[in-house]
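Examination of the molecular architecture
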Amino acid sequence: MADQEEGDLVSQLVDLVRDISGLPECRNALRKMYGNLMRRVKLLSPLFEELKDNEQKLDDGDLKGLQSLRIALNLAFELLKSVNDGSKIFQALQIDKTTGKFHVVTTQIEEALNQIDYNKLDLSEEVHEQIELVHVQFKRAKARMDSPDLQLQRDLTMASKGNHELDPETIKRLSEKLHLTTINDLKKESLAIHDMVISTGGYPEDSFEMMSFLLKNIKDCVMKGNPEVDISEGEKSIMRHRSPVIPDDFRCPISLELMKDPVIVSTGQTYERSSIQKWLDAGHKTCPKTQQTLLHTALTPNYVLKSLIALWCDSNGIELPKSNQKPGRPGSECDRTVIGSLLQKLVIGDSDEQRSAAGELRLLAKRNADNRVCIAEAGAIPLLVELLSSPDTRTQEHAVTALLNLSINETNKGIIVSVGAIPEIVDVLKTGSTEARENAAATLFSLSVVDENKVAIGAAGAIPPLIELLQEGTPRGKKDAATAIFNLCIYQGNKVRAVRAGIVTPLMGLLKDASSGMMDEGLAILAILASHQEGKMAIAEAEPMGVLVDVIRTGSARNRENGSAVLWSLCAGDVRSLKMMKELGAEEVLKELSENGTERAKRKAGSVLELLQRIESVETSTVIGS
């Protein structure tokens with residue numbers, strides 16, 4: 001059965017590389033990063049093909065590395081696919097975020113490759129050399145992120161400073177760098193932006209106004225017959241003489257007329273403001289198109305659709321519909337209207353309305369950074385903290401998760417702590433549902449990034465329930481608990497709390513159970529606890545020597561480093577531990593680590609070897625003296 005699983009794993013890796021290799025050429029601002037990642041991934045193909053052909057038995061370490069590689073390559077495939085989809089302008093505006101995603105994927109692939117011992121594998125010399133070369137390339141890419149096109153960044157920054165006229169050279173460069181140089185390109189781009197409007201359900205991001213502005217300028221550049229732009233006379237003729245048919249999505253479902261002031265109701269449908277307002281004023285409580293009951297009657301401006309209608313009108317020589325509404329910042333006014341309505345439900349709504357409102361705030365806070373600011377500024381945080389003690393399980397889950405999402409913003413961290421949320425979050429951690437406890441742990445981790453909060457969270461009694469979650473939670477819950485404990489134990493006082501709460505025993509359990517997938521976290525926490533005298537004593541009592549020597553002998557680079565750090569703390573000034581370690585054959589293992597480990601691991605291994613040499617010298621001189 002194990003052989004079958006290995007075969008399936010290698011076959012999946014072969015198929016993944018084939019799928020990635022089959023992706024189309026990238027024709028947008030991310031072309032360089034896209035090409036680099038695809039090229040490096042393709043070079044892994046001979047490794048997987050050879051492993052598939054020779055059916056070699058893999059040891060646990062290599063198998064784990066290949067499993068990690070499968071996860072990383074799946075992420076790479078999804079990222080590469082996403083880069084080719086959608087609006088080219090949107091991809092350019094998101095380039096910093098996407099660059100970060102490329103770096104994360106590159107790092108995961110490199111770390112997975114690092115777990116595989118190529119020398120043990122039955123590979124031909126050519127494949128062995130190629131994989132080592134690819135690994136070096138991923139290491140370099142991990143250490144140095146691909147830099148976006150600086151000229152493109154400057155041009156986009158210039159465009160973002162306001163709706164002033166862009167100079168023709170800037171527009172021309174943007175057209176070329178974004179690969180929007182033909183009428184066909186522009187049609188596809190316009191459709192892509194339109195699809196984004198539909199898929200977002202009417203909650204536009206700030207970048208949509210900029211997207212419309214850029215598309216209009218590039219379209220004007222293309223339509224003026226720039227000699228370097230490929231526009232056929234036939235295409236121009238079609239553009240001039242076609243009969244403009246209003247797209248269905250631009251018509252109000254009530255009046256069937258082109259919308260001049262589109263607004264969104266709570267079901268996500270868009271209507272002309274005057275038409276839907278008349279419907280509501282007549283006493284209707286439902287959405288005319290879907291017949292669903294409206295959760296509230298707030299009307300949210302659909303700035304994205306409004307920009308698209310303006311662009312379409314301009315392209316077709318139609319006078320832009322006039323609106324009495326004052327312009328506002330896209331995304332901001334919209335979300336404030338919705339947020340205000342939701343907060344009202346938190347204050348005066350019944351339990352069902354409170355649950356629903358907390359759930360919507362949770363999603364809004366997750367969606368983007370602007371929402372997190374708006375929700376906090378509207379005064380939602382104290383109301384959400386009150387809901388942490390709600391008897392309704394789902395309401396409590398929504399509230400703690402909304403606070404988790406809001407805490408991503410640094411200013412919000414301070415607000416959450418200042419309104420007294422920490423004890424309430426700790427109570428959820430102790431008594432909430434599984435989901436609520438896990439998200440409470442993640443919230444405490446987020447808040448503990450601020451050093452003074454580490455003290456407050458520890459003092460509020462968070463560490464014992466975090467240790468319980470570490471033992472009883474789902475895999476995700478255990479990870480959340482471990483990261484929170486690690487961060488809290490950077491503060492000395494919390495190390496004592498963790499040790500006295502009995503953390504060492506479950507941590508040793510994680511080290512001994514390879515199937516837990518938590519060895520990395522367990523060793524990292526032990527390493528930080530071992531630097532404290534009380535932690536050192538508790539770890540020593542758990543008889544960890546055998547496990548630590550095994551970790552240093554066979555573990556990953558990071559685990560060998562942390563294992564050697566724990567070993568150094570235990571052996572410093574303790575002859576008994578040194579002798580026990582020597583009996584377990586640690587000397588040879590440490591010598592190898594001092595030559596091939598990370599810089600920190602080399603230092604720790606060298607220090608322990610020095611201690612061993614000292615006791616050997618003492619023993620030798622004692623024998624000679626006697």
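Look up a bit, the structure's there.
A few points on the structure. Since this is a predicted model, take the numbers as computed values, not measurements. (Residues numbered from 1 in each chain as written. Predicted model: local features only at pLDDT ≥ 70, side-chain atom pairs only at ≥ 80, totals over all residues. Heavy atoms only, no water.)

Any two packed helices are characterised by the angle at which their axes cross and by the distance between the axes. As a packed pair, helix α25 (residues 475-488) and helix α28 (residues 519-529) sit with axes 10 Å apart at the nearest point and diverge in direction by 20°. Classified by the angle between their axes, α25 and α28 sit roughly parallel to one another. As α25 packs across α28, the resulting crossing turns out to be left-handed. Each of Lys479, Ala482, Ile485 and Phe486 in α25 lies in contact with α28, whose residues at this interface are Glu521, Ala524, Ile525 and Ile528. Of the residues belonging to the contact of α25 with α28, the class tally is six nonpolar, no polar and two charged. (Axes fitted to C-alpha atoms, helices over the stretch in contact; angles between N-to-C directions. Helix = DSSP H or I, 4+ residues; strand = E, 2+ residues; numbered from the N terminus. Parallel < 35°, antiparallel > 145°, perpendicular 65-115°, else oblique. Left-handed = near helix turned anticlockwise from the far one by under 90°. Contact = heavy atoms within 4.5 Å. Nonpolar A, V, L, I, M, F, W, Y, C, P; charged D, E, K, R; others polar.)

Here we come to α28. The buried fraction of α28 amounts to nine of the eleven residues, a majority that puts the element mostly inside the structure. For α28, the full list of buried residues reads Glu521, Gly522, Leu523, Ala524, Ile525, Leu526, Ala527, Ile528 and Leu529. Structurally, α28 contributes buried residues whose contacts are with α25, α26 (492-500), α27 (504-512), α29 (533-541), α30 (545-554) and α31 (557-571). (Buried < 20%, exposed > 50% of the residue type's maximum accessible area, 1.4 Å probe, protein only.)

What follows covers the environment of asparagine 494. Its location among the elements puts asparagine 494 in helix α26. Residues in contact with asparagine 494, not counting those within four places in the same chain, are Lys454, Gly458, Ile463, Leu488 and Cys489. Here the side chain of asparagine 494 touches leucine 488 through a polar contact of 3.0 Å, landing on its backbone oxygen. (Polar contact = N/O pair within 3.5 Å; in protein donor to acceptor, adjacent residues only side chain to side chain.)

Between helix α8 (residues 150-160) and helix α9 (residues 168-177), the shortest axis-to-axis distance is 10 Å and the interhelical angle comes to 125°. Classified by the interaxial angle, the pair formed by α8 and α9 is oblique. Between α8 and α9 lies a crossing whose hand is left-handed. When α8 is examined against α9, the residues Gln151, Leu152, Asp155 and Leu156 are found in contact with a partner set consisting of Thr170, Arg173, Leu174 and Lys177. A class-by-class count of the residues in the contact of α8 with α9 yields three nonpolar, two polar and three charged.

On to the nonpolar core, then. Leu384, Leu466, Ile503, Leu529, Met581 and Leu590 are the most contacted members of the largest nonpolar core, which has 90 residues in total. If we skip the residues at most four places from it in the chain, leucine 529 touches Cys489, Lys495, Ala498, Val499, Ile503, Leu507, Gly535, Lys536 and Ile539. (Core = buried A, V, L, I, M, F, W, Y, C linked by side-chain atoms within 4.5 Å.)

We now examine helix α7 (residues 125-143). Under the 1.5 Å per step criterion, the end-to-end length of α7 is 27 Å for 19 residues, consistent within 8% with the ideal 27 Å. Of the positions making up α7, those classed as buried are Val127, His128, Ile131, Val134, His135, Gln137, Phe138 and Ala141. Buried residues along α7 sit against α2 (31-42), α3 (45-54) and α6 (95-114). (Expected span 1.5 Å × (residues − 1).)

Here we come to the environment of asparagine 302. Inspection of the secondary structure puts asparagine 302 in the loop between β3 (300-301) and α14 (303-315). Spatially, the C-alpha atoms of asparagine 302 and glutamate 272 are 9.9 Å apart, while their sequence positions differ by 30 residues.

On to the pattern of salt bridges. Within this structure, the stated rule accounts for 25 salt bridges. Salt-bridge contacts for lysine 142 lead to glutamate 111; the nearest nitrogen and oxygen are separated by 3.8 Å. In this pair, lysine 142 sits in helix α7 while glutamate 111 sits in helix α6, placing the two residues 31 residues apart along the sequence. Glutamate 111 gets classed as partly exposed once you look at its relative accessible area, which sits at 42%. Salt bridges sharing common partners tie together Arg362, Arg394, Glu397 and Glu435. (Salt bridge = Lys/Arg side-chain N within 4 Å of Asp/Glu carboxyl O.)

Here the focus is the side chain of glutamine 91. Its place among the elements puts glutamine 91 in helix α5 (residues 88-93). Apart from residues no more than four positions distant in its own chain, glutamine 91 is found in contact with Asn28, Leu30, Ser82, Val83, Asp85 and Thr98.

There is a patch of like negative charges on the surface, built from Glu125, Glu126, Glu129 and Glu132. The residue glutamate 126 is located in helix α7 in this model. A residue is classified by how much of its surface remains accessible, and glutamate 126, at 59% relative accessible area, is exposed. (Patch = residues over 30% accessible without salt bridge, like charges linked within 9 Å, V, L, I, M, F, W, Y side chains within 5 Å. Areas by Shrake-Rupley, 256 points an atom, 1.4 Å probe, with all protein chains shown as cover. Lys, Arg positive; Asp, Glu negative; His and termini not counted. Charge placed at Lys NZ, Arg CZ, Asp CG, Glu CD.)

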